[in-house]
Every structure is written in structure tokens, then in C-alpha cells.
Amino acid sequence: MARTMWDSSVGKKTVMAVSGVIMLLYLVAHVIGNLKIFFGAEEFNRYGHWLRTVGEPFMHYEWTLWLVRIVLLVAVVAHATSAYQLSRRDIKARPSKYVHKKPRASYATRTMRWGGVILGLFIVWHVLDLTTGTVHPGGFQEGHPYQNVVDTFSTWYGNVVYIAAMLALGLHIRHGFWSAAQTLGVGSRTRDRALKTIANVLALLLTAGFIAVPVGVMTGVVS
Amino acid sequence: MKLTLRVWRQKNADAEGAMSTYEVDDISPDMSFLEMLDVLNEQLILSGEEPVAFDHDCREGICGACSLVINGDAHGPERTTTCQLHMRSFQDGDTIDIEPWRASAFPVIKDLVVDRSAFDRIIQAGGYITAPTGSAPEAHATPVPKADADFAFEHAECIGCGACVAACPNGAAMLFTSAKVNHLNVLPQGAPERETRVLDMVAQMDAEGFGGCTLTGECATACPKGIPLMSITSMNKEWLRATRKAGKR
Ligand code: HEM
Ligand code: SF4
Ligand code: FES
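All residue numbers refer to position in the chain's written sequence, counted from 1. To read the labels, note that chains go from A and ligands from 1, taken in the order they are written. In view of the model being predicted, local features appear only for residues whose pLDDT reaches at least 70, and side-chain atom pairs are presented and counted only at 80 or more, with totals across whole chains, interfaces and linings using the full set of residues. Remark: hydrogens and water are excluded; side-chain values derive from all non-hydrogen atoms of the structure.

Where an unreviewed UniProt entry is consulted, chain B appears under the name Succinate dehydrogenase/fumarate reductase iron-sulfur subunit, with the organism given as Streptomyces bangladeshensis. What the UniProt record of chain B gives under Sequence similarities (unreviewed entry) is the line "Belongs to the succinate dehydrogenase/fumarate reductase iron-sulfur protein family." UniProt positions are given in the numbering used here, feature names are shortened, and annotations may be inferred rather than shown by experiment.

Per an unreviewed UniProt entry, chain A carries the name Succinate dehydrogenase cytochrome b subunit and comes from Streptomyces bangladeshensis.

Spelled out as C-alpha cells, the structure:
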């Protein structure tokens, strides 16, 4: 069954949809966590510590966190690989363009591929910045996420990269969520409006929620 | 009406093609698009040039043979087949671009004619039912719920023209294949091959080199028979169901 899935264009698209939905669910949890920054350093840092102790005493310190990280890594790799392979196939299937060109499809639909690449690059930068601290501006302090976030958004490029990526994310989810419903066969004529509305609401809430943090730092609400 | 036509001319499958410009005059708005091309061809024959090759058969919108991309739209500006498009949809003095279906699975044979036998092979892979031949069965022998009959009929309207592939930025044949799969999969007559049909037809579609679906919706906008985009969703559901069942066996 795994082979039929990966060898078929419909199956590969299913992999893309499932991995996309996994990342989406994670982002919903992520944005809720991020918003705690507005309640002060103490609460935010405590939340960061709790993430490492989830599941104790059944789980050891950081086990749950590493489990989530592994699932996300698998999802990102599966999503990007299937997106790449399917895109290659699509481009090959339509080698010559029409002489008479027309603007096609919505903006969100047309930007899925480049938007996806932007998100992929963003994820790498984001992990190196706030998880490992490798490219963090100013001394990265393990266990002090509040200060680290403030440092990142005190640089102009930190704000630009982050906000641009979150706008790309909103567009990606707007088309992606609805697409995933079609790929997984759960869309229908009666549900179509509801699905499109959920896609737009999710895209808007996630984008606004994530962008609130750099805006908070820039305006001095978070410092 | 006086029109300027820019037409894709290509000697054969291996030749390089290019757009050629022609003028036609005295076109009646009541002519069909193909009749307008007939006028062009008579003109070309009289001047000793090679007439433009294009596909057509019934000229009444039911066979699926006609296939032109007109000003960038498969079957032109109206939601109908090229043969049922009339010149009243254009203005006197217009310049009209006419191109063949573009997809690597539909190679150009000559001028505006493409090879659509890939569709035949998709049908051969599963677009049939196993039924005893002979006299027609009693109409009430196999009851079909009204909703299923309507669903099947909506999809049975596909005439296999390939406009969906021509319009898709990925050259995907998902709308065509889903119309055929859904038409038979919902009916009791199609039930014995329900799983193999969708798996085999999708596999053949991939093997022919068609692209995949990115849900742009261009196919359903171009389809002269109004096959809905949601048809693809239904096929995906059938494919996942069949794959699950095959995995259990
Ligand atoms: C936070 C990260 C991401 C989330 C939540 C996400 C979510 C999704 C979802 C739900 C889909 C719909 C699947 C379907 O069409 O059935 C999708 C499609 C897609 N994603 Fe992502 N994705 C993310 C990151 C990425 C990345 C990093 C890439 C690129 C490497 C990417 C490239 C694509 C592409 C090309 C599509 C296909 C869109 C289409 O239908 O044309 N995505 N994404
Ligand atoms: S789905 Fe519509 S556009 Fe595609 S082949 Fe059938 S009739 Fe033509
Ligand atoms: S010629 Fe038969 S559908 Fe147009």
C-alpha cells in the first residue's frame, strides 16, 4: 500500500495533504503558545519550560518535545519531497506554453510553489535563530525564550523575514487547507462554502496571531 | 465581419511550428467558428496554400472531436464546444489567436490536430462494465436511486474532448478521468470493477504523462459539459477507498 501511495500522483498528493494538515495542527498550537508572550517574561519562560516536561513522569524530560520535533521533521520532509516531485511532473506535462497568455487562477493558488519554498527557507532560519541559537542576534540564552524573541525582533531583518514569511503562510494555508479537503475526498458541494470559510479564517488568525509578536516588540508592548 | 487570424501551423509531429497570420472577410456573425475556418481553408486552397488541419466531426457539440484554444481559452470565450461557438461572440476587426491543445500527453500531429489516444487508453484501463451482451435488459431489473442516477448522468455527459487537459496549467487529465470513474462507480452495473477501475484508470493516466491536480479549477471552467471540479474530489475519495481495500487483501 505504501508503494501504491508514493507511486501514484493521487497518492503522493495525499502524502502532501496529510503532512500539510499535521503542520497546520502544530501551527495552531504554536500560535496559542506564542501569544503568552503578552503576559510577561515569567509566564512565557515558564511555558517554555513546561514544553520540556510534558508527559512526566511517564515521559522523561524533553521526550515529548523530541517526539513532536521528529513528527514535524518527517512531515516537512514528506511535504517538500512530494511537492517537489509532483511539481516536476506537472511542469513536464505542459512543456510548451500558449502564445496567447491569460492570467490564471487566484493569487494564493499561483504562489503555492514559491510560497512553499519561502516557508521552507523560513523554517530553517527560524530553527537556527530561536531553537539552536546558531544565527541568533545578541547572546542566545537557553531557557530564556522571552529575551531571545525580543532580541530577534529588535533587528530590522528579523521583523522583515518573519512578517514576509507569515504573509506567505497565510496565502499557503488559504489554498492549502481547502485543497487538502479535496485531495482527501472530504470536500463536497454542500460543504464547500464552510471549507473555504474555515480556510480563510485559519489563514487570517494564524497570520495575525504570529505577526502580533514582532509588532508587539516593535511597538514596545513586549520588551 | 473582417477578421485577422493568427493560427498555429506545424507541418507534422517533428516539425517546429509557428503562428501564421491570415485575413478573412465577409464572415457572417451566424457562422460557427468552424465554418469560419472552412472559409479560410477555401481561400487557402484557391491561392494554392496548404489548408489548416483541425479536428471536427459532429459539429453539434456531442462527439468531442473539435479542439481549439481560441484567444487562450479552450473552446473559446463561451462555455461550449468550438463547433457550437458562433462568430457573434467576436467583433468586426478582431484579431483571433488559434492554437492546438497543449500537453505532452497530447502531441501535435499537424497544425491544430493533436493525438488524444491517451484518453482511449485510460478508458481501456477501466472505463467499461462487465455485462452480458445480447438483448437489452429489462429497465427495472436493476433499481438505481434517483440521486445516484443524476450523479452518474452528470458525469456521463463528458464527451472526452480534452479541453480540461488543455486548460490545466499542469496538463492534468483529472477531470476527464474522474468523470469516467464517477459515472460508472456510482451505478450497480459498475460495482464489480469499482476498485480496479479507479486504480487502473489513475495508473494509466499517470503512465501517459499527464500532470497532477493543484486544484486551480481551470479544467471545470473550460469544460463544455459543465463537469464540476468536485468530481475530482469524488474520484480521490474512490481512489483512497480502493487503495485501503487493496491493502487489506
Ligand atoms: C508551515 C508549513 C506548511 C504548511 C502548514 C503547509 C500546508 C499545506 C497544505 C495543507 C497543503 C494542501 C495539500 C493539498 O493540496 O492537498 C499544501 C500544499 C502545498 N505545499 Fe505546503 N505547507 C507548509 C509548508 C510548505 C513548504 C515548506 C513547501 C515547499 C517546500 C510547501 C509546498 C507546497 C506545495 C507546492 C503545495 C501544493 C499546492 C498546490 O495545490 O498547488 N509547503 N501545503
Ligand atoms: S471533462 Fe469536460 S473538458 Fe474534460 S474531456 Fe470531458 S467534456 Fe471535455
Ligand atoms: S465537432 Fe463534435 S463536439 Fe464539436
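Let's pick the thread back up.
## Quick notes on the overall build of chain A
When its secondary structure is counted, chain A shows nine helices and zero strands. Only DSSP runs of H or I reaching four residues or more are called helices, and only runs of E reaching two or more are called strands; each is numbered from the N terminus. N-terminal to C-terminal, the α/β element order of chain A is α-α-α-α-α-α-α-α-α. The C-alpha extent of chain A, read off along each of the three principal axes, is 55 × 45 × 35 Å. Any pair of residues with heavy atoms lying within 4.5 Å of one another is described as a contacting pair. Contacts in chain A between residues far apart in sequence, at least 24 positions, make up 66% of those at least 6 positions apart. For chain A, the exposed surface amounts to about 12700 Å²; the carbon and sulfur share of it is 71%. A residue counts as positive if it is Lys or Arg and as negative if it is Asp or Glu; His and the chain ends are not included. Here the site of a charge means NZ on Lys, CZ on Arg, CG on Asp, or CD on Glu. The averaged location of the 10 negative side-chain charges in chain A is 23 Å from the averaged location of its 22 positive side-chain charges. Method for areas: the Shrake-Rupley scheme with a 1.4 Å probe, in which residue coverage is limited to the protein chains shown.

## Points about the overall build of chain B
Helix and strand content of chain B: eight helices and seven strands. Expressed along its principal axes, the backbone C-alpha trace of chain B runs to roughly 65 × 40 × 35 Å. Within chain B, counting contacts between residues at least 6 apart in sequence, those at least 24 apart form 68% of the total. Here chain B contributes 22 positively and 35 negatively charged side chains, and the mean placements of these two sets differ by 10 Å.

## Looking at the pairing of strand β1 (residues 3-9) of chain B
Residue and element names in this part refer to chain B. Accessibility here uses a 1.4 Å probe with only protein chains present; expressed as a share of the type maximum, an area under 20% marks a residue as buried, one over 50% as exposed, and anything in between as partly exposed. Counting buried residues along β1, six of its seven residues qualify, which places the element largely inside the surrounding structure. Strands are labelled as partners when DSSP assigns at least two bridges between them. Of the strand pairs in this sheet, β1 and strand β5 (residues 95-99) are connected by four bridges, and their pairing is parallel. Across the sheet, the residue bridging to T4 is T95, located in β5.

## A look at the pairing of β5(B)
Residue and element names in this part refer to chain B. Buried residues dominate β5, accounting for four of its five residues. The pairing of strand β3 (residues 69-70) with β5 spans two bridges and is classified as antiparallel. Counted as the bridge partner of V69 is E99 from β5.

## Thoughts on the UniProt feature "transmembrane region" (unreviewed entry) in chain A
Residue and element names in this part refer to chain A. With numbering matched to this structure, UniProt assigns "transmembrane region" (unreviewed entry) to residues 21-41, 66-86, 107-128, 156-177 and 198-222. Between the C-alpha atoms that bound residues 21-41 the distance is 31 Å, and the span itself is 71% helix and 0% strand. Annotation note: span residues 156-177, helix share 100%, strand share 0%, distance between end C-alpha atoms 31 Å.

## Remarks on the packing of aromatic side chains
Residue and element names in this part refer to chain A. To pair, rings of Phe, Tyr and Trp, with the six-membered ring standing in for Trp, must have centres within 6.5 Å; the planes then decide the type, stacked if under 30 degrees apart, edge-to-face if over 60, and tilted in the middle. As enumerated under the stated definition, the model contains 12 aromatic pairs over all chains in all. Here the aromatic rings of Y47 and W50 are separated by 6.3 Å at their centres, their planes lie at 25 degrees, and the arrangement is stacked. Of this pair, Y47 and W50 both sit in helix α3 (residues 41-53), three residues apart, which is roughly one turn of the helix. By relative accessible area, which is 19% here, Y47 ends up buried.

## Here we look at the site of ligand 2
All names here are of chain B. When at least one non-hydrogen atom of a residue lies within 4 Å of a molecule or strand, that residue is treated as near it. Lining the immediate surroundings of ligand 2 are 14 residues, of which C158, C161, G162, C164 and C223 lie closest. Those elements that provide at least two residues to the shell around ligand 2 are α4 (163-167) and α5 (174-185). The residue inventory of the shell around ligand 2, partitioned by class, reads 11 nonpolar, two polar and one charged. Only Asp, Glu, Lys and Arg are considered charged in this grouping, and only Ala, Val, Leu, Ile, Met, Phe, Trp, Tyr, Cys and Pro are considered nonpolar; every other residue, Gly among them, is considered polar.

## With respect to the site of ligand 1
Taken together, 24 residues sit near ligand 1, with A:K13, A:H79, A:H172, A:G176 and A:T183 positioned nearest. Looking at what sits near ligand 1, you find residues from chains A and B. In the analysis that follows, any N or O atom pair within 3.5 Å is treated as a polar contact, provided that within protein one partner can donate a hydrogen and the other can accept it, and provided that, for residues neighboring in sequence, both atoms belong to side chains. Note that an oxygen atom of ligand 1 is positioned 3.5 Å from one of the backbone N or O atoms of A:S179. Residue A:T183 places a side-chain N or O atom 2.7 Å away from an oxygen atom belonging to ligand 1. For the shell around ligand 1, the elements supplying multiple residues, two or more each, are α2 (9-34), α4 (63-93), α6 (112-131) and α8 (156-183) of chain A. Residues that form the shell around ligand 1 fall into these classes: 12 nonpolar, 10 polar and two charged.

## Overview of unusual backbone geometry
With an omega dihedral of 5 degrees, the bond running from A:E56 to A:P57 counts as a cis peptide bond. One non-glycine residue with positive phi stands out, namely B:H75, at about 70 degrees.

## Points about helix α2 (residues 117-126) of chain B
All names here are of chain B. Residues of α2 that are buried: A118, F119, I122, A125 and G126. Taken end-on, α2 shows its buried residues confined to a sector of 115 degrees, consistent with a single buried face. Of the surrounding secondary structure, the elements contacted by the buried residues of α2 are α4, α5 and α6 (194-207). When we speak of the arc, we mean the arc of directions from the helix axis to the C-beta atoms.

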